[in-house]
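Now for the letters of each chain:
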Amino acid sequence: MVGDETDTARNTTSKSRLFRKYSVLISTLVSVVLITAGTVETYFSYQETKLALLQIQREKAIAAAAAIDRFVKEIESQMGWTMHTPYLRVASPLKQRRIDFLRLLRQAPQITEIAYIDVHGREQMHVSRLSLDVVESGKDYRDDPKFQKTLSEGRYFSPVYFRHDSEPYLSLSLRDRGREVGVTVAEVNLKFVWDLISQINVGRSGRAFVVDSSGLLIAHPDISLVLGKTDLSEARQFTTARAAVRSQGRMALGSITEGMDGREVLSSHAAILPLGWLVFVESPLVEAFAPLYDTLIRTAMVIAGGIVLSVLASLLLARRIVRPIQALREGAGRIGAGALDQRIEIKTGDELEALADEFNEMTAKLRQSYDNVERVSALKRYFSPQLAELIVSSDEGGLTESHRSEITVLFCDLRKFTEFSSIAEPEEAMRVLEQYYVALGRQLREFEATIGHFAGDGLMAFFNDPLPCPDHAAQAVKMAVVMREDVDQLLEGWSKRGLDLGFGIGIATGYATLGHIGTEDQFHYTAIGSVVNLASRLCDEAKSGEILISETVHAETENLVRVELEGERLLKGLPKAVPILKMVGLQQIDG
Amino acid sequence: MTKRKLLMFLCGAVLLALPMFPAAAADDIPRIGFLGNSTAELEAHLIGPFQEGLRDLGYVEGQNIHIEYQWAQGDYSQFPDLIRELLARKVAVIVTAGTPATLAVKKATKTVPLVMVAVGNPVGNGIVPSLKQPGGNITGLTSISTEMDGKRLELLKEIVPNITHVAVLWNSKSPLQVLAEKKVQEAAGVLGIEVLSLGVNTKEGIDEAFNLMKDSRPEALLVLADRLFLHHRVEIMKFAAQNRLPGVHAYRELVETGGLMSYGPDYADMHRRAAYFVDRILKGADPAGLPVERPARFHLVINMTAAQELGLTIPETVLLRATEIIE
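Residues numbered from 1 in each chain as written. Chains lettered and ligands numbered in written order. Predicted model: local features only at pLDDT ≥ 70, side-chain atom pairs only at ≥ 80, totals over all residues. Heavy atoms only, no water.

Regarding the overall build of chain B
Inference 1: When its secondary structure is counted, chain B shows 14 helices and 12 strands.
Inference 2: For chain B, the computed accessible surface area is about 14100 Å², with 56% contributed by carbon and sulfur atoms. (Helix = DSSP H or I, 4+ residues; strand = E, 2+ residues; numbered from the N terminus. Areas by Shrake-Rupley, 256 points an atom, 1.4 Å probe, with all protein chains shown as cover.)

Here's the deal with the packing of helix H6 (residues 145–159) of chain B against helix H7 (residues 175–191) of chain B
For any two helices packed against each other, the geometry is given by the interaxial angle and the distance between the axes.
Residues and elements named next belong to chain B.
Inference 1: For the pair H6 and H7, interaxial distance at closest approach is 8 Å and the crossing angle is 35 degrees. For the crossing formed where H6 meets H7, the hand is right-handed. Here Ser145, Thr146, Asp149, Gly150, Leu153, Glu154 and Lys157 of H6 come into contact with H7, specifically with Leu176, Leu179, Ala180, Lys183, Val184, Ala187, Ala188 and Leu191.
Inference 2: Along the lines of polarity and charge, the residues of the contact of H6 with H7 split into 8 nonpolar, 3 polar and 4 charged. (Axes fitted to C-alpha atoms, helices over the stretch in contact; angles between N-to-C directions. Left-handed = near helix turned anticlockwise from the far one by under 90°. Contact = heavy atoms within 4.5 Å. Nonpolar A, V, L, I, M, F, W, Y, C, P; charged D, E, K, R; others polar.)

Points about H7 of chain B
Residues and elements named next belong to chain B.
Inference 1: Spanning 17 residues, H7 covers 25 Å between terminal C-alpha atoms, matching the ideal 24 Å at 1.5 Å per step.
Inference 2: Buried-residue contacts for H7 involve helix H5 (99–108), H6, strand E6 (165–171), strand E7 (194–200) and helix H9 (227–231).
Inference 3: Remark: Gly192 follows H7 within two positions and exhibits a positive phi of approximately 75 degrees. (Expected span 1.5 Å × (residues − 1).)

Some remarks on the packing of aromatic side chains
Inference 1: Taken as a whole and assessed by the stated rule, the structure comprises 16 aromatic pairs over all chains.
Inference 2: An angle of 20 degrees between the planes, with centres 5.2 Å apart, marks the rings of Tyr76 of chain B and Phe79 of chain B as stacked. Here Tyr76 of chain B and Phe79 of chain B have matching classes, each one buried.
Inference 3: Put simply, the rings of Tyr436, Tyr437, Phe454 and Phe503 of chain A touch in pairs and so form one group of aromatic residues.
Inference 4: The positively charged end of Arg97 of chain A is found above the aromatic ring belonging to Tyr116 of chain A, 3.3 Å away from the centroid.
Inference 5: The ring of Tyr169 of chain A is capped by Arg163 of chain A, whose NZ or CZ atom sits 4.6 Å from the centre of that ring. (Phe/Tyr/Trp six-rings, centres within 6.5 Å; stacked < 30°, edge-to-face > 60°. Buried < 20%, exposed > 50% of the residue type's maximum accessible area, 1.4 Å probe, protein only. Lys NZ or Arg CZ within 6 Å of the ring centre and 35° of its normal.)

Digging into unusual backbone geometry
Inference 1: Cis rather than trans, the peptide bond between Leu273 of chain A and Pro274 of chain A has omega equal to 10 degrees.
Inference 2: Mapping Pro274 of chain A onto the fold places it in the loop between strand E11 (264–272) and strand E12 (277–284).
Inference 3: One non-glycine residue, Glu448 of chain A, lies in the positive phi region at around 55 degrees.
Inference 4: Structurally, Glu448 of chain A is set in the loop between helix H13 (426–446) and strand E14 (450–455).
Inference 5: Classification of Glu448 of chain A by relative accessible area gives partly exposed; the value is 30%.
Inference 6: Look at Arg217 of chain B: it is not a glycine, yet its phi comes out positive at around 55 degrees.

Here we look at the pattern of salt bridges
Residue and element names in this part refer to chain A.
Inference 1: Scanning all chains against the criterion turns up 39 salt bridges over all chains.
Inference 2: With a shortest N-O distance of 2.9 Å, Arg142 and Asp140 are connected by a salt bridge.
Inference 3: A residue is classified by how much of its surface remains accessible, and Arg142, at 42% relative accessible area, is partly exposed.
Inference 4: Overall, the relative accessible area of 41% leaves Asp140 in the partly exposed class. (Salt bridge = Lys/Arg side-chain N within 4 Å of Asp/Glu carboxyl O.)

Some words on the interface of chain B and chain A
Inference 1: The interface is formed by 29 residues belonging to chain B together with 27 residues belonging to chain A.
Inference 2: Carbon and sulfur atoms supply 56% of the area that chain B and chain A bury against each other, a total of about 2400 Å² over both sides.
Inference 3: When the area that chain B buries against chain A is broken down by residue, the three leading residues are Lys132, Arg294 and Leu320 of chain B, summing to 26%.
Inference 4: Across the chain B-chain A interface, the total number found is 5 salt bridges.
Inference 5: Across the pair Glu158 of chain B and Arg98 of chain A runs a salt bridge, and its minimum N-O distance is 2.6 Å.
Inference 6: Across the contact surface, chain B and chain A share 9 residue pairs in polar contact (both at pLDDT 80 or more). (Buried area = accessible area lost by both parts, 1.4 Å probe. Polar contact = N/O pair within 3.5 Å; in protein donor to acceptor, adjacent residues only side chain to side chain.)

Remarks on the nonpolar core
Residues and elements named next belong to chain B.
Inference 1: Counting 70 residues, the largest nonpolar core has Ile32, Phe50, Leu54, Leu169, Met213, Leu221 and Ile236 as the members making the most contacts within it.
Inference 2: A total of 7 residues in this core trace back to one element, the largest contributor, which is helix H12 (residues 267–282).
Inference 3: Residue contacts for Leu169: discarding those within four places in its chain leaves Leu198, Val200, Ala209, Leu221, Leu222, Val223, Leu224, Phe229 and Ile236. (Core = buried A, V, L, I, M, F, W, Y, C linked by side-chain atoms within 4.5 Å.)

Quick look at the pairing of strand E6 (residues 167–175) of chain A
Residue and element names in this part refer to chain A.
Inference 1: In terms of residue burial, E6 counts as a mostly covered element, since 8 of its 9 residues are buried.
Inference 2: By the bridge criterion, 3 bridges tie strand E4 (residues 155–157) to E6 in an arrangement that is antiparallel. The residue bridging Phe157 from the neighbouring strand is Leu172, located in E6.
Inference 3: In the sheet, strand E5 (residues 161–163) pairs with E6 via 3 bridges, with the strands oriented antiparallel. Bridging across to E6, Arg163 finds its partner in Glu167. (Pairing = 2+ DSSP bridges.)

Some thoughts on the environment of Ala220 of chain B
Residues and elements named next belong to chain B.
Inference 1: By the secondary structure assignment, Ala220 is in strand E8 (residues 220–223).
Inference 2: Taking C-alpha positions, Ala220 is 9.9 Å from Leu196, a pair spaced 24 residues apart along the chain.
Inference 3: Each residue touching Ala220, except ones within four places of it in the same chain, is listed here: Leu156, Ile163, His165, Val166, Ala167, Leu245 and Pro246.

Re the environment of Ile549 of chain A
All names here are of chain A.
Inference 1: Within the secondary structure, Ile549 is located in strand E18 (residues 547–549).
Inference 2: By relative accessible area, which is 0% here, Ile549 ends up buried.
Inference 3: Sequence separation of Ile549 and Ala508 is 41 residues, and the distance between their C-alpha atoms is 5.9 Å.
Inference 4: Apart from the residues within four sequence positions on either side, Ile549 is in contact with Val477, Ile507, Leu538, His554, Val561, Val563, Pro579, Leu581 and Met583.

Some points on the pairing of strand E5 (residues 138–142) of chain B
Residue and element names in this part refer to chain B.
Inference 1: Of all 5 residues in E5, 5 are buried; the element is thus mostly enclosed.
Inference 2: Note that strand E4 (residues 114–119) and E5 share 4 bridges and pair parallel. Residue pairing in the sheet places Val115 in a bridge with Thr139 of E5.

So, the packing of H13 of chain A against helix H14 (residues 472–496) of chain A
Residues and elements named next belong to chain A.
Inference 1: Relative to each other, H13 and H14 sit at 160 degrees, their axes nearing to 9 Å. Considered as vectors, H13 and H14 are oriented roughly antiparallel to each other. Relative to H14, the crossing made by H13 is right-handed. Facing H13, whose interface residues are Val432, Gln435, Tyr436, Ala439, Leu440, Arg442, Gln443 and Leu444, H14 presents Met479, Val482, Met483, Asp486, Val487, Leu490 and Trp494. (Parallel < 35°, antiparallel > 145°, perpendicular 65-115°, else oblique.)

Points about the sheet that holds E12 of chain A
Residues and elements named next belong to chain A.
Inference 1: With antiparallel pairing, the 5 strands of this open sheet are ordered in space as E9-E8-E12-E11-E10. Single-partner strands in this sheet number two, and they are strand E9 (217–219) and strand E10 (255–258). Neighbour-to-neighbour, the strand axes of this sheet turn through a mean angle of 45 degrees, independent of strand direction.
Inference 2: When strand E8 (residues 207–211) meets E9, the two strands line up antiparallel, connected through 2 bridges. Note that in E9 the partner of Val210 across the bridge is Ala219.
Inference 3: Sheet strands touched by helix H4 (residues 191–199): E8, E9 and E12. Its angle to E8, the strand with the most contacts, is close to 150 degrees.

Printed below as a string of structure tokens:
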């Protein structure tokens, strides 16, 4: 059936909708938490790692700068030793100076040449490791900054220059102190700085290098870059560092910038004053942050794993939530389909279990009410609808058991019906009965009489049981009068059609035994006793249009009815003769 | 059907190729060719540092490198054959010392990288156009011996102030020594010294030089830096000692063998440094871009026993500068 299909489809989609909703919700929640935590952690890790690495590199740079500074200071101080010559009382100050210079060469392997220029700017002594020594050359240095600047400032560092295209050199000149003011100039081989720099270990592919104040690279592990006179004055790395040194001095920490080969590097620096050189220590970002990248990947994998787990967990959780709801839905569906004896079993120990219990109670109550409805409809066969409702709400037991009660019994039947039905068409007989019972039924319902039984045209009804009726005799009498009126009308109509029928009623009041009589499946609720017999016999005695009542009825309804005594008769089944009281009319009706 | 055939063909090809793999693995170890001027024993003190240098850089003989040695035994005419031998072994880089050997390799190959150790004047001899950018397949270390010969003469003059006549032993077949001899002549001129120029290139030549010296009776003997003289150092120094000839040489080995004094760079250290060049080249660096290095430290070695035997007092100005004194 199409309806069923849509239902099933709706069932499955709504099931998976709730399931999907919950599983998506839970896994999204956990994932968001994990990712947020991971991101925050990574961000802080990154900052900390960067800071730590920069600090380590800065230490290296500072150490290297200090070492180079020491290197230069050493040379200066050793050069200073050669300047005491004027104070020595020696035969030949020139010879002494040469000895001092030779000693200097022995102690300072970095110095390749050393010269002394007198106060007039003329070279007096030139001692070299490689070329022949020259004494009193008289070479004119007056215009050379090595002489001029030193004379005015006391100390002079020349810009870095290259010898033989192969070695970086620096001229360092110092002014004599004291009376004789000359200048001592040393040519310093900066290969020693290169040695120092090359030994600095910065991870796997990091390196240290030195740049002079004009941005010229003067020491680098790859000497070819130095010899190639690499100019870094425009490089961001250099300009940033120089600016930092100017503003922050020793506090400058370093930064991420573009390295010499164009790759991103973590760059720290330190300044060598008074040379104005900068030592850089850089390491490629990729390598420097490798452990961080490892951590990142680890975190990502943990998050991924966590997300997978959370998805699984959410599926499980969602199922646990959805299943009882699903069970409830199915249960409700079954109940809706009419299977009222089904129980919904949910044992989750929470509100859903309570809901299922409520459902079951509701189902039980529904079942009960259905049963009641059935019972009511069953009872409506016996009693008036109001009576049936009443009986249903009260204890049923009282009805099935036999008991004694004072009741008023009414018998009535159609005169000459039997004869009529045997000769008439069956359809016509049925139609007559139909009309007859419709009329009777109306009044039975109206007066709330209990139908004992009816067979053919004869009917037995009684009052005051099971429904209590205070004026049961009066009720019976009133009903009888109205019945007579109604049936009279029918009789008129039938006689016009040529049907000659009559109607008689007998009423008696007294105690009777009441209860169920019948087979197991079908039974009547009826009364037995002498009162019943009496009513029945009275009905038999009644002629068409007559209502005969018993003495007891009359006693009960004295103020209500007007009767005519028609003597006493002996009726079948009754021991004594019974007064025959014919009802003439109701006192209220008659004037 | 065709897919299966293809698969079988591939399997077969792989199976056939398999035996080649182990062989290929063995061939994978790079080979270094060392062209020696003398013999392994006589140059052991230089080879040792070279091997140490390689070890320091992580190279293990037999595991990740293999060094092939070819020795000329003092006979430079052997060079072409020895070089051919090395090239036939498909060496990845050749290492050699001295100008004659370097020039021989340069002639034999323009592609196989050469690390020259202790070449006196690579630019002057046309081996490389400049130290900073060697250009071709040659790089290495220079001993700047031609720059220092004058200084050596100056030192000699300080020890023997009145010296006027000095014999100079040099290798006439070496273009470097030709330059060196000229430089010495120049310096001698400045110092007021007459030079007995002894250009030789064989053992016989050396013997002849000895005879000449016996006849001319110079006051000192200067042995210029050529591996030939290193090879024959024992005989030469014996002759110098016997004939009471002081000298300031380039090689400290001569001082160790009885000579008076040497002044020059540390050749052992240069051999050690050669390993750095070999390493760079094996790792893919182009020798054209590796600058030739000059020595930064110079050693003055004095043999006091020899000084005593020669009856010489070493002046303070020289002693001051000594970096090592041998008894």
